[in-house]
Amino acid sequence: MNTILHRFLLCVPLALCPAWARSAAFDLPERPGTFWSQPEGLPVPAATPTGVVRFASLAALTDHALRERAETRAAWLGIQAEAARLDAASAANWPTLTGQLSFTQSRALSSSGAQVPTLDRYGPSLSLAYVLVDFGARAASIDAQRYQLIASLLTGNRTLQDTVAEVEAAYFALLAARAQVTAQIQQETALRASLDAVDARLRGGLASRADQLRARAALVEAELARQAAERDRAKAEAALKQAAGIAQTQTLELDWQVVPPDPLAATTLLADLLQEAQRNRPDLQALQAAATSARFEAERARAARWPSLSLAANTGRTLFLDSDRSPSTTYSVGVNVTMPLFDGGRLAAQARAATRQCQRIGPGGRSALQDRRRQPARMADCPGRPGACAPGAGAGR
């Protein structure tokens, strides 16, 4: 029975050898400039959705965009990843307990040179490691990751704000394009009626041939303008579908009455605009959180160069196969002081890099804050003119 168990334990590592370790064969391009053909094992892409998509309000359309846009999902997944990294960094405050089950076969020589019987040992063991003092390295790492999570959360808020702004801008651009088409149709109808009147006056001898040609030219120009407006409307619809996360093969229907938004009050103070920008611009707060994270990361890198005190414990039980020896239990407990003496300058370089990164992010955040403060000032200079405050609007003055 012991021999069968012995052979079984020897065959376990071979049986657990992963078959997926073998690399798959690929047909590589033979020479430069040759395309690589895709293998047949790739997943089949999903079918393109079709049909009519109907929304009862702009809020419903925006909510659909927030749920379906790839940018918002990527931001949410990034937040989950940063939260997992924070949990991993916080786990450094807890001891590490490791279990191990070993099987060894050994044969040695006695002091006289004679062979001794082969010993088959197996048994479980436990190892405990706990860092007691590290001069703030773990705390700085946790704080750095915490502020990195805050920066990711604020960046996610900014992504949601950008998505809402893109949907609303595309929606109102579509309204403007539709209104332009309606205006061009009315203009074309008026010019067609004018051409009919000129034809009637020409038959009565009250108009010249040149008047008729001018009326026809105006009608043709109106038709071309109407076609251009219809093309712009189609572009606006495609842009709104893209902003809302709707496939271009689907038909978008907006079932609500259009209500023009309230214009910006002329009495709005610049200070109110600045405060509103700082409250509702999470990217500014994300820059501040990133700068704080870089500062704690620099502190962690500096603390890594100092000694650390840790508790180490180990216990195990050894049993023997095919032997009359009795099992034995071993244990050890000790305190270790780890002091980095020489590492080729790696820790010093990491501390220097973290310090420079902190110094780089700090002025960048202040510069971005100043840029955001200048934006409301430019908006306040031209209230009531939607396109006057665009970048480069006053370059020709």
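Thresholds applied
Residues numbered from 1 in each chain as written. Predicted model: local features only at pLDDT ≥ 70, side-chain atom pairs only at ≥ 80, totals over all residues. Heavy atoms only, no water. Helix = DSSP H or I, 4+ residues; strand = E, 2+ residues; numbered from the N terminus. Buried < 20%, exposed > 50% of the residue type's maximum accessible area, 1.4 Å probe, protein only. Contact = heavy atoms within 4.5 Å. Areas by Shrake-Rupley, 256 points an atom, 1.4 Å probe, with all protein chains shown as cover. Pairing = 2+ DSSP bridges. Axes fitted to C-alpha atoms, helices over the stretch in contact; angles between N-to-C directions. Phe/Tyr/Trp six-rings, centres within 6.5 Å; stacked < 30°, edge-to-face > 60°. Lys NZ or Arg CZ within 6 Å of the ring centre and 35° of its normal. pLDDT = per-residue confidence, 0-100. Salt bridge = Lys/Arg side-chain N within 4 Å of Asp/Glu carboxyl O.

Next up on the list: the overall build of the protein. Scanning the protein for helices and strands turns up eight helices and six strands. Along the protein, helices (α) and strands (β) appear in the sequence α-β-α-α-β-β-α-α-β-α-α-β-β-α when read from the amino end. Taking all 397 residues of the protein together, 24% fall into the buried category. Within the protein, contacts between residues at least 6 apart in sequence are counted, and of these 76% link residues at least 24 apart. Split by element, the accessible area of the protein, about 27200 Å² in all, is 58% carbon and sulfur.

What follows is about the sheet that holds strand 5 (residues 308-321). One open sheet accounts for four strands, arranged 2-3-5-6; its pairing is antiparallel. Of all the strands in the sheet, the pair left with one neighbour each is strand 2 (96-106) and strand 6 (328-338). Ignoring strand direction, the axes of neighbouring strands in this sheet form an average angle of 20°. Relative to strand 3 (residues 119-133), strand 2 runs antiparallel, the two sharing 11 bridges. The partner of S106 across the bridge, within strand 3, is L119.

The next point concerns the side chain of R226. Residue placement: R226 occurs in helix 5 (residues 209-244). The residues contacting R226, other than those within four sequence positions of it, are Q184, I185 and E188.

Turning to the environment of A70, a few remarks are in order. By secondary structure assignment, the location of A70 is in helix 3 (residues 70-90). Note on A70: relative accessible area 57%, which makes it exposed. Taking C-alpha positions, A70 is 8.0 Å from G245, a pair spaced 175 residues apart along the chain.

The next thing to look at is the packing of aromatic side chains. The final tally for this structure, using the stated rule, is three aromatic pairs. Taking 5.6 Å as the distance between ring centres and 35° as the angle between the ring planes, the aromatic pair formed by F135 and W306 counts as tilted. Of this pair, F135 sits in the loop between strand 3 and helix 4 (137-203) while W306 is found in the loop between helix 7 (282-303) and strand 5, placing the two residues 171 residues apart along the sequence. Considered together, F135 and W306 belong to a single accessibility category, that of exposed residues. The ring of F296 is capped by R295, whose NZ or CZ atom sits 4.7 Å from the centre of that ring.

What follows deals with the confidence of the model for the protein. Scored by pLDDT, the protein has a mean of 78; 73% of the residues are at 70 or more. Scored below 50 in pLDDT, residues 376-397 shows 14 contacts in the model against residues more than four places distant or in partner chains.

What follows concerns the pattern of salt bridges. It is possible for side chains bearing opposite charge to pair when their charged atoms get close. Within this structure, the stated rule accounts for 17 salt bridges. Ionic pairing is found between D211 and R214, a salt bridge with its closest N-O pair at 2.2 Å. Remark: R214 and D211 occur in helix 5; sequence separation between them is three residues, near one turn of the helix. Residue classification places D211 among the partly exposed positions, given a relative accessible area of 26%. R295 is the partner of E299 in a salt bridge, and the nearest nitrogen-oxygen pair spans 3.7 Å. Of this pair, E299 and R295 both sit in helix 7, separated by four residues, roughly a single helical turn. A residue is classified by how much of its surface remains accessible, and E299, at 30% relative accessible area, is partly exposed. The network of salt bridges with shared partners includes E188, R192, E223, R226 and E230.

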